[in-house]
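Results of the structural survey
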Amino acid sequence: QVRLVESGGGLVQAGDSLRLSCAVSGRTVYYAMGWFRQAPGKEREFVAHISWSGGSTAVADSVKGRFTISRDNAKNTVYLQMNSLKPEDTAVYYCAADPRGERNTPQVYNYWGQGTQVTVSS
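Residues numbered from 1 in each chain as written. Predicted model: local features only at pLDDT ≥ 70, side-chain atom pairs only at ≥ 80, totals over all residues. Heavy atoms only, no water.

Observations regarding the overall build of the chain
Heads up, the condition is: Every helix listed is a DSSP run of H or I at least four residues long, and every strand listed is a run of E at least two residues long, numbered separately from the N terminus. Here, residues are in contact when the closest pair of their heavy atoms is within 4.5 Å. Only the protein chains shown count as covering a residue, and every accessible area follows the Shrake-Rupley method with a 1.4 Å probe. Residues counted as positive are Lys and Arg, residues counted as negative are Asp and Glu, and His and the chain ends are not counted. The location of each charge is read from NZ of Lys, CZ of Arg, CG of Asp or CD of Glu.
The helix and strand tally for the chain stands at zero helices and eleven strands. Its helices and strands taken in sequence order, the chain reads β-β-β-β-β-β-β-β-β-β-β from the N to the C terminus. Taken along its principal axes, the extent of the C-alpha atoms in the chain is 40 × 30 × 25 Å. If you take every contact in the chain between residues at least 6 apart in sequence, the share linking residues at least 24 apart comes to 55%. When the accessible surface of the chain is split by element, carbon and sulfur atoms take 44% of a total near 6,400 Å². Computed over 13 positive and 10 negative side-chain charges, the separation of the two mean positions in the chain equals 6 Å.

Here it is as structure tokens:
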């Protein structure tokens, strides 16, 4: 059983930074991973994904230049560095593992964390 646990969310002001972490446990396999977010009343949307080795990454256009995804396989942890945060970044952020298809599509991921709230005040 694979378990994903997000941490690092919180309440910040516009322009601030946060780093989210996603700790993976339960398997000794390095999965490709993704970050998604969901604001109230909206669908879950793609934020970033990273290959199992960390050699390939992608981020959504809405966060390009501000957010960076990375991973430390020795620690079984994936990170999302979020800079220059905006009020529209407010959402619950989820990490996901083991995509079986297009990596910016939430439905293809097999494992999900419980989410961490990020709130950005103006």
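Brief notes about the sheet that holds strand β7 (residues 67-72)
The line we're drawing: By this definition, two strands are paired if DSSP reports at least two bridges between them. Note on method: axes are straight lines fitted to C-alpha atoms, helices fitted across the in-contact stretch only, with angles between N-to-C directions ranging 0 to 180 degrees.
Strand order in this open sheet of four strands is β1-β3-β8-β7, and the pairing throughout is antiparallel. If you trace the sheet from one side to the other, it starts and ends with β1 (3-7) and β7, each paired once. Ignoring which end each strand starts from, the neighbouring axes of this sheet average 15° apart. Alignment of β7 against strand β8 (residues 77-82), held across six bridges, turns out to be antiparallel. Residue pairing for β8: Arg71 is matched across the bridge by Val78.

Concerning unusual backbone geometry
Most peptide bonds adopt trans geometry, and most residues besides glycine take a negative phi value. Let me state the cut-off plainly: Only protein chains enter the accessibility calculation, which uses a 1.4 Å probe; a residue whose area is less than 20% of its type maximum is buried, one above 50% is exposed, and one in between is partly exposed.
In this structure, Asn76 takes a positive phi of about 50° despite not being glycine. As for its placement among the helices and strands, Asn76 is situated in the loop between β7 and β8. Positive phi is not limited to glycine here, since Ser84 has a value of about 50°. One can find Ser84 in the loop between β8 and β9 (91-99). A residue is classified by how much of its surface remains accessible, and Ser84, at 41% relative accessible area, is partly exposed.

Here we look at the pairing of strand β11 (residues 116-121)
Going residue by residue along β11, you find Thr116, Val118 and Val120 tucked away on one face and Gln117, Thr119 and Ser121 left uncovered on the opposite face. Across four bridges, strand β2 (residues 10-13) lies against β11 in parallel orientation. Looking at β11, one finds that Gly10 is bridged to Val118. Both β9 and β11 contribute to a ladder of three bridges, which runs antiparallel. Paired with Val92 across the bridge in β11 is Gln117.

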